[in-house]
Amino acid sequence: MLKEFIKGLWKDNPVLRQLLGMCPTLAVTTTALNGMAMGLATTFVVVSAGIVVSLSRKLIPKQVRIPVFTVIIATFVTVVDMVLKAYFPQLSSALGPYVPLIVVNCLILGRQEAFTSKNPIHLAISDTFGMGLGFTFILIVLGSVRELIGAGTWFGTVIFPTGPAGFKPLVIMVLPAGAFITLGLIAALYNLINLKVKGEV
Amino acid sequence: MKNLTIKMLLVLGGVSVISAGFLGYVYTATYDRIELNREKRVKEAIYKVLPEIDDYEKISAEPDIFKGTGGGVKSGYAVLAGGMGFQGEITMMVGVNEEVNRLMGISVLESVETPGLGDKIKGIDFRKQFRGMPILRQKGIKVNAITGATISSDAVEKIIQKAIKDVKRIH
């Protein structure tokens, strides 16, 4: 059970190993806070959908499993959207149209298809929870790098004061190109560490 | 074969009905708060663009126009206006004085402009130019654009022009 949880954090990390959910990963990580909010919202959806799918896995005929998974996922995403709008309006407006788009995050559908529809509930929870946290972790790292270099702040706190003589933010880092550059470098670093551990470099 | 068809129909139908019921429940549970948040943001924006008013009343819907009361010479109209920006819809509150010959200020309610560039339209450096900006009879207003964000700046200009037209129609 622990093994299923741990694998999502590093070995089978959804972003760096499986390269799933690239759209939100690239789009919302302009700041660390946005990355964290998107990661936690996705974690909630993937775990909730995982529980439901795992519990009903024997009832769902395999011919209609994809539409059933999609309806379940879309329901939880809509719930997240409404709760954010009601209780965290600022976060909701920062994430904007990306919250409804969690529905098409292939990480979520991928976990149902590959794991929760074939495993009992306790394994389903640890797998999806690990994947969700692994996803959140990378989104925070990505958002932190882009926010620090692109705006000189971290979680909204000024780290490098800007000014005529001070830090010059590199605007490209908060633009889409910065997302690709940062993600590429992080993925390269991830592979390097894995190779080092194996002793191949 | 027939059994399978019926099972598929039952499962799909059942899942849809359950999720519809669940969504209906969450919708009613959050509806009041979502409306409240929206009203609060509109209210805050009105007081931001007409800082010296005591109260306001809605005098028109779609476009939503509010008339500030109290505050004497510093009173005026607040117009909710929107238009297309660089990446998506921009919604703004535009404050105009009572004679409709000067702007009082603007406040951006919703936008998805590029962080670091277009989203500077929310910043004070850009917004302060509108405080007391004269409205010319022919050209309306002219915006000092943000470097690197011409499209966002032009969008703001267009939205303000539209808001001025809306106020003039009822003024």
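Look up a bit, the structure's there.
Reading guide: rules and limits
- Residues numbered from 1 in each chain as written.
- Chains lettered and ligands numbered in written order.
- Predicted model: local features only at pLDDT ≥ 70, side-chain atom pairs only at ≥ 80, totals over all residues.
- Heavy atoms only, no water.
- Helix = DSSP H or I, 4+ residues; strand = E, 2+ residues; numbered from the N terminus.
- Buried < 20%, exposed > 50% of the residue type's maximum accessible area, 1.4 Å probe, protein only.
- Salt bridge = Lys/Arg side-chain N within 4 Å of Asp/Glu carboxyl O.
- Patch = residues over 30% accessible without salt bridge, like charges linked within 9 Å, V, L, I, M, F, W, Y side chains within 5 Å.
- Areas by Shrake-Rupley, 256 points an atom, 1.4 Å probe, with all protein chains shown as cover.

Trainee: Quick question: what am I supposed to make of unusual backbone geometry here?
Mentor: Backbone phi values are negative for most residues with the exception of glycine, while trans is the configuration of most peptide bonds. Residue and element names in this part refer to chain A. Even without a glycine there, the phi angle at L19 is positive, about 50°. Mapped onto the secondary structure, L19 falls in the loop between α1 (2-9) and α2 (22-27). One non-glycine residue, F155, adopts positive backbone phi at about 50°. Here F155 shows up in the loop between β1 (153-154) and β2 (157-158). Accessibility expressed as a relative area gives 31% for F155, which makes it partly exposed.

Trainee: I keep staring at the pattern of salt bridges and nothing clicks. Help me out?
Mentor: Pairs can form between side chains of opposite charge whenever their charged atoms are close. All names here are of chain B. Within this structure, the stated rule accounts for 12 salt bridges over all chains. Its salt-bridge partner being D64, residue K58 comes within 3.6 Å of it at the nearest N-O pair. We classify D64 as buried; its relative accessible area is 18%. The closest approach of N and O atoms between R169 and D166, which form a salt bridge, is 3.6 Å.

Trainee: Explain a nonpolar patch on the surface here, please?
Mentor: Residue and element names in this part refer to chain A. A surface patch of nonpolar side chains, amounting to about 730 Å² of accessible area, comprises W10, F137, L189, L192, I193, L195, V197 and V201. If you tally residues by element for the nonpolar patch, the top one is helix α8 (residues 176-198), at five residues. Counting through the fold element by element, L195 comes out in helix α8. For L195, a relative accessible area of 32% translates into the label partly exposed.

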